[in-house]
Number of protein chains: 2
Amino acid sequence: MSEDKNIRKAGLKVTLPRVRILEIFEQSKERHLSAEDIYNKIRESGDEVGLATVYRVLTQFESAGILMKQNFEDNFSVYELVSDDHHDHMVCIDSGKVIEFKNDLIEEEQDKIAKEHGYKIVDHKLVLYVKPLDGEK
Amino acid sequence: MSEDKNIRKAGLKVTLPRVRILEIFEQSKERHLSAEDIYNKIRESGDEVGLATVYRVLTQFESAGILMKQNFEDNFSVYELVSDDHHDHMVCIDSGKVIEFKNDLIEEEQDKIAKEHGYKIVDHKLVLYVKPLDGEK
DNA sequence: TTTACTGCAAACTGTTTGCAGTAAA
DNA sequence: TTTACTGCAAACAGTTTGCAGTAAA
């Protein structure tokens, strides 16, 4: 399967935890998953893995450019599959739903701002915390 | 002093830890301080406070609208004095320096994006991670 | 004098690490 | 057979909480 290719390409051995983790990202309707999320999903499916292993594999996949780490909340991180097109996030504080969006104008403006201050952008993070327009209180 | 007023206004007793913490925010050249930063500064000045107290007071000041919490990094949080004018942050990944900026165009665009998706913005977070333009490696 | 506040230590949460065993190559 | 990988438990870092004592009002 294609998962195996990606794992090998990263110079990693093809093991159950790694395959399962990639599968979960590819199959889950949620794009954004935490270490716990993944740990639970694997467990529910009957396989045995350690939480520590999940953390280790997530880190490895991040360095390999397969996953990307996101820190929305105070405490914990979520990961998502890296896709070629950059996007930012909108988090609904009522439902927890995460929506991705992209806006070139904002991107350009950011570059300008950095340049004006004598810097170049290495990375950036834009998260909008939102509520539904139709006031459901 | 003005610190006392702010503390009283928040319905809190005027105590040494609270006064010192506010003083530190008002006197420090850094606008953004972590619990540890503050703890150390108070200690260095000879006063005795517990780290737990610092955390408690920061939280109280946040609910009172005196301070605002910011989470730039994975692990820990920094606080800054609330000012009326909104701004975003630029963090230099070489020096750790934090620069504040404001851009109306970006703000407007954000509102538009949220609206297009049927949401209104409650809060947002924009952080640019940057490096100096003149490549000092 | 009353009640909010404090310092301390112990508890918590998400994450990382050491280690001896296990399995991919 | 070699060496990367794993699970487990113990360790971590930042933060929170319970409690008995202390001080602001």
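Not measured: the values here are computed from a predicted model.

**Student:** Even after reading the chapter, I still don't get the domain arrangement of chain A, so can you show me in this structure?
**Tutor:** Interface size is often expressed as the accessible area that is lost when the parts come together. Residues and elements named next belong to chain A. Along its sequence, chain A is carved into domain 1 (2-81) and domain 2 (88-130). When each unit is reduced to the centre of its C-alpha atoms, the spacing between domain 1 and domain 2 is 25 Å. The interface of domain 1 with domain 2 comprises six residues on the first partner and seven residues on the second. Buried area between domain 1 and domain 2, summed over both chains or domains, comes out near 560 Å², and the portion from carbon and sulfur atoms is 51%. Interface area lost by domain 1 to domain 2 is led by His32, Asn71 and Phe72, which between them contribute 70%. Put simply, domain 1 and domain 2 have one salt bridge between them. Between Glu100 and Arg31 there is a salt bridge, and its shortest N-O distance comes to 2.5 Å. At the junction of domain 1 with domain 2, the criterion picks out four residue pairs in polar contact (both at pLDDT 80 or more).

**Student:** Looking at this structure, how should I read the sheet that holds strand β4 (residues 88-92) of chain A?
**Tutor:** The strands making up a sheet associate through backbone hydrogen bonding, with each pair oriented either parallel or antiparallel. Strand order in the open sheet formed by six strands is β5(A)-β4(A)-β6(A)-β6(B)-β4(B)-β5(B), and the pairing between neighbours is mixed. At either margin of the open sheet sits one strand with a lone partner, and together these are β5 (98-101) of chain A together with β5 (98-101) of chain B. Averaged over all neighbouring strand pairs, the angle between strand axes comes to 25°, with direction disregarded. Direction of pairing for strand β6 (residues 119-132) of chain A relative to strand β6 (residues 119-132) of chain B: antiparallel, over a ladder of 13 bridges. The residue of β6(B) that forms the bridge with Leu128(A) is His124(B). Set on the sheet, helix α5 (residues 104-116) of chain A makes contact with β4 and β6 of chain A together with β4 (88-92), β5 and β6 of chain B; between it and β6(A) the angle comes to about 135°. Packing of helix α5 (residues 104-116) of chain B onto the sheet brings it into contact with β4, β5 and β6 of chain A together with β4 and β6 of chain B, and relative to β6(B) it is tilted by some 135°.

**Student:** Sorry, what's going on with the protein's contact with DNA strand C here?
**Tutor:** Inspection of the region around DNA strand C gives 21 residues, with Tyr55(A), Thr15(B), Arg18(B), Val49(B) and Thr53(B) positioned closest. At the protein interface, 73% of the atoms of DNA strand C within 4 Å belong to sugar or phosphate. Between DNA strand C and Glu48(B) there is a distance of 2.8 Å, counted from a phosphate oxygen to a backbone nitrogen or oxygen. Within the contact set of DNA strand C, a base nitrogen lies 2.8 Å away from a side-chain nitrogen or oxygen of Arg56(B). For the surface near DNA strand C, the secondary-structure elements that each account for two or more residues are α4 (51-63) of chain A together with α2 (16-27) and α4 (51-63) of chain B. Of the residues forming the surface near DNA strand C, the biggest block, four residues, is contributed by α4(A). Among the residues forming the surface near DNA strand C, the class breakdown is nine nonpolar, five polar and seven charged.

Definitions and cut-offs
- Residues numbered from 1 in each chain as written.
- Chains lettered and ligands numbered in written order.
- Predicted model: local features only at pLDDT ≥ 70, side-chain atom pairs only at ≥ 80, totals over all residues.
- Heavy atoms only, no water.
- Domains from an automatic or database assignment.
- Contact = heavy atoms within 4.5 Å.
- Buried area = accessible area lost by both parts, 1.4 Å probe.
- Salt bridge = Lys/Arg side-chain N within 4 Å of Asp/Glu carboxyl O.
- Polar contact = N/O pair within 3.5 Å; in protein donor to acceptor, adjacent residues only side chain to side chain.
- Pairing = 2+ DSSP bridges.
- Helix = DSSP H or I, 4+ residues; strand = E, 2+ residues; numbered from the N terminus.
- Axes fitted to C-alpha atoms, helices over the stretch in contact; angles between N-to-C directions.
- Near = heavy atom within 4 Å.
- Nonpolar A, V, L, I, M, F, W, Y, C, P; charged D, E, K, R; others polar.

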